[in-house]
Amino acid sequence: MTYKGMTIDIFCDVIDNFGDAGVCWRLASIFSREHGFPVKLYINDAQTLSKITSGLDPKNLPCLVDGIEIHDWKDAETSEPSQVVIETFGCRLPYAFEQKIASARPQPIWINLEYLSAEDWVEGCHSLPSPHPSLNVNKYYFFPGVTKKTGGLMIEKDLFIRQKHFSKDRNKFLEAFNLDPEVFTTFVFCYPSAPLAKFYKALQKRGKDINLLLPKGAATEILSKLYKEHPSRNIHLGISEMVPQSEFDKFLWASDAVIIRGEDSFVRAQLSGKPFIWNIYPQTEETHIKKLEAFGERIRPFYGASYQAWIDMNLSWNKSSSDLAPYWNRWCEELPLIKEAALRWRDHLVSLGSLADNLLRFVKSKI
Ligand code: TRH
């Protein structure tokens, strides 16, 4: 196998929402567009992917979108593996496909791209081989992360140029949603389980003008209902249809602060350099709170004196039991410092290199 002539398979098992498809699509796009590798994406729910891509007809697979071959998951049962096979988030591949990986010579390099976590144990597991329970083949764990001993985060090579370029279009962008660009703007892309009623009350109580830029979805329906039932002159809603992933960053770039969720929008928010509040994906036994705290410990040195305001606000957003208004007020007061810290943190992330580059370097070392 040669590195240059290599092809890549990515497997995407959509569990819920948009993050599984979002991470896989972003990775596939970077491999294809920036590195010129032919990529096949096997997905069990192309309908979900079609909501964040343009030009994909989910009923008409296989098809080619932006140079990426999109296949129904079942096609893998009768396909030959590429030289690099990436399963995402521990999704199990069809057994017939796994057998083909094990018997191919040379054996494909098989990667399990894991969830993003800032917990300490990740560094110890990153890039370790894991023997298949019954076949004679290894797969390698690859962990995205926010430290040098992990795979880093996906960063497109033109990301910051595009962000800079967008600044001249920012006002028009907001005006298209009937929002005054002079008013403090917060993008809100969160789960419907978030403490939205408390948030709305906190905004009302604070009384300062605020734009809420909202993509359509369950959380936006809740906020719209609150607005209808308790109209408030200082709160202005701008509601957008969902946009293709390649346009998503504009919501962040146009905002002064962002509330994001899950994994991919969380990463994009960090890369935007904007102050962010993370609605972490809820898990049982408060596991998500531990993950949020682990992330907090990573950013603490970059936030300095503004850290307490950051973590209190984030905990309060993710623990529905606590009050929100005092934390929101404090967060707003600390924004100048939080803003600087977010930029320092972004610089740190960039210094880790892009996950796609790091992953390809790892692959190369195994050829
Ligand atoms: O949608 P999410 O909550 O996704 C997930 C899933 O729940 C998944 O099961 C879980 O494993 C993961 O989180 C941690 O949030 P996320 O990860 O931010 O994904 C949203 C994607 O949708 C992201 O790629 C951006 C994209 N998107 C668009 O492309 N256009 C839009 O208009 C919007 C609102 C989002």
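Keep in mind that what you see is a predicted model, and the values were worked out from it rather than measured.

1. So, the packing of helix α5 (residues 159–166) against helix α10 (residues 264–272)
Here α5 crosses α10 at 70°, and the two axes come no closer than 11 Å. Taken as axis vectors, α5 and α10 run roughly perpendicular relative to one another. In the crossing of α5 with α10, the sense of the turn from one axis to the other is right-handed. For the pair formed by α5 and α10, the contact residues are Leu159, Phe160 and Gln163 on the first element and Arg268, Leu271 and Ser272 on the second. Partitioning the contact of α5 with α10 into residue classes produces three nonpolar, two polar and one charged.

2. Thoughts on the sheet that holds strand β9 (residues 185–188)
Across the sheet, which stays open at both edges, the five strands sit in the order β11-β10-β9-β12-β13 with parallel pairing between neighbours. Single-partner strands in this sheet number two, and they are β11 (235–240) and β13 (276–279). Geometrically, the sheet is characterised by an average inter-axis angle of 15° between neighbouring strands, direction not taken into account. In this structure, β9 lies alongside strand β12 (residues 257–261), joined through three bridges in parallel fashion. Looking across to β12, one finds that Phe187 is bridged to Val258. Across the sheet, helix α9 (residues 245–253) touches β9, β10 (210–215), β11 and β12, and the angle it forms with β9 is around 140°. Packing against the sheet, helix α12 (residues 307–318) makes contact with β12 and β13, and its axis sits at approximately 30° to β13.

3. Brief notes about a negative patch on the surface
On the surface, a cluster of negative charge is contributed by Glu175, Asp180, Glu182 and Asp209. As for its placement among the helices and strands, Asp180 is situated in the loop between α6 (170–175) and β9. Using a relative accessible area of 39% as the deciding quantity, one classes Asp180 as partly exposed.

4. Regarding the nonpolar core
Formed by 70 residues in total, the largest nonpolar core has its most connected members in Phe295, Tyr303, Trp310, Trp317 and Trp328. Looking at this core, the element that brings in the most residues is α12, giving seven residues. Formed by 40 residues, the second largest nonpolar core is a distinct cluster that contains Met6, Cys63, Met154 and Leu359.

5. A few points about the side chain of Glu156
Tracing the backbone shows Glu156 in the loop between β8 (138–142) and α5. Overall, Glu156 belongs to the buried group, its relative accessible area being 6%. A distance of 2.8 Å separates polar atoms of two side chains, one belonging to Glu156 and the other to Arg268. Apart from the residues lying within four places of it in its own chain, the contact partners of Glu156 are Arg26, Ile30, Arg33, Glu34 and Arg268.

6. Re the packing of aromatic side chains
Following the criterion strictly, the structure yields 33 aromatic pairs and no others. Pairing Phe173 with Phe177 gives two aromatic rings, centres 5.5 Å apart and planes at 75°, and the pair type is edge-to-face. Under the relative-accessibility criterion, Phe173 is labelled buried at 17%. Taking the centre distance of 5.8 Å and the plane angle of 85° together, the rings of Phe295 and Trp345 count as edge-to-face. Remark: Trp345 occurs in helix α14 (residues 335–351) and Phe295 occurs in helix α11 (residues 287–303); sequence separation between them is 50 residues. Members of the aromatic cluster, joined through ring pairs, are Phe266, Phe276, Trp278, Phe295, Phe302, Tyr303, Tyr307, Trp310 and Trp345.

7. Some remarks on the site of the ligand
Taken together, 23 residues surround the ligand, and among them Asp16, Tyr191, Val243, Asp264 and Ser265 come closest. Note that an oxygen atom of the ligand is positioned 2.8 Å from one of the backbone N or O atoms of Gly19. Between an oxygen atom of the ligand and a side-chain N or O atom of Arg261, the distance comes to 2.9 Å. In isolation the ligand has 710 Å² of accessible area, and contact with the protein removes 97% of it. Contributing elements (two or more residues each) for the shell around the ligand: α1 (19–35), α9 and α10. Here the shell around the ligand is composed, by residue class, of twelve nonpolar, six polar and five charged. Formed jointly, the shell around the ligand draws a minimum of three residues from each of two domains, domain 1 (8–153 + 353–366) and domain 2 (159–351).

8. Things to note about the pairing of β10
For β10, the tally of buried residues reaches six of six residues, placing the bulk of the element in the interior. With burial as the criterion, each face of β10 is covered, one bearing Ile210, Leu212 and Leu214 and the other bearing Asn211, Leu213 and Pro215. Pairing geometry for β9 and β10, over three bridges, is parallel. The residue of β10 that forms the bridge with Thr186 is Leu212. Crossover connection from β9 via helix α7 (residues 196–206) to parallel β10: handedness right-handed. In this sheet, β11 lies alongside β10 in parallel orientation, the contact comprising six bridges. Residue pairing across strands places Leu212 opposite Leu237, the latter belonging to β11. Regarding topology, helix α8 (residues 218–229) serves as the crossover connection from β10 to the parallel β11, and that connection is right-handed.

What counts, and where the lines are drawn
- Residues numbered from 1 in each chain as written.
- Predicted model: local features only at pLDDT ≥ 70, side-chain atom pairs only at ≥ 80, totals over all residues.
- Heavy atoms only, no water.
- Axes fitted to C-alpha atoms, helices over the stretch in contact; angles between N-to-C directions.
- Helix = DSSP H or I, 4+ residues; strand = E, 2+ residues; numbered from the N terminus.
- Parallel < 35°, antiparallel > 145°, perpendicular 65-115°, else oblique.
- Left-handed = near helix turned anticlockwise from the far one by under 90°.
- Contact = heavy atoms within 4.5 Å.
- Nonpolar A, V, L, I, M, F, W, Y, C, P; charged D, E, K, R; others polar.
- Pairing = 2+ DSSP bridges.
- Patch = residues over 30% accessible without salt bridge, like charges linked within 9 Å, V, L, I, M, F, W, Y side chains within 5 Å.
- Areas by Shrake-Rupley, 256 points an atom, 1.4 Å probe, with all protein chains shown as cover.
- Salt bridge = Lys/Arg side-chain N within 4 Å of Asp/Glu carboxyl O.
- Lys, Arg positive; Asp, Glu negative; His and termini not counted.
- Charge placed at Lys NZ, Arg CZ, Asp CG, Glu CD.
- Buried < 20%, exposed > 50% of the residue type's maximum accessible area, 1.4 Å probe, protein only.
- Core = buried A, V, L, I, M, F, W, Y, C linked by side-chain atoms within 4.5 Å.
- Polar contact = N/O pair within 3.5 Å; in protein donor to acceptor, adjacent residues only side chain to side chain.
- Phe/Tyr/Trp six-rings, centres within 6.5 Å; stacked < 30°, edge-to-face > 60°.
- Near = heavy atom within 4 Å.
- Domains from an automatic or database assignment.
- Right-handed = clockwise from strand over helix to strand, strands pointing away.

Keep in mind that these numbers describe shape and distance, not what the molecule does.
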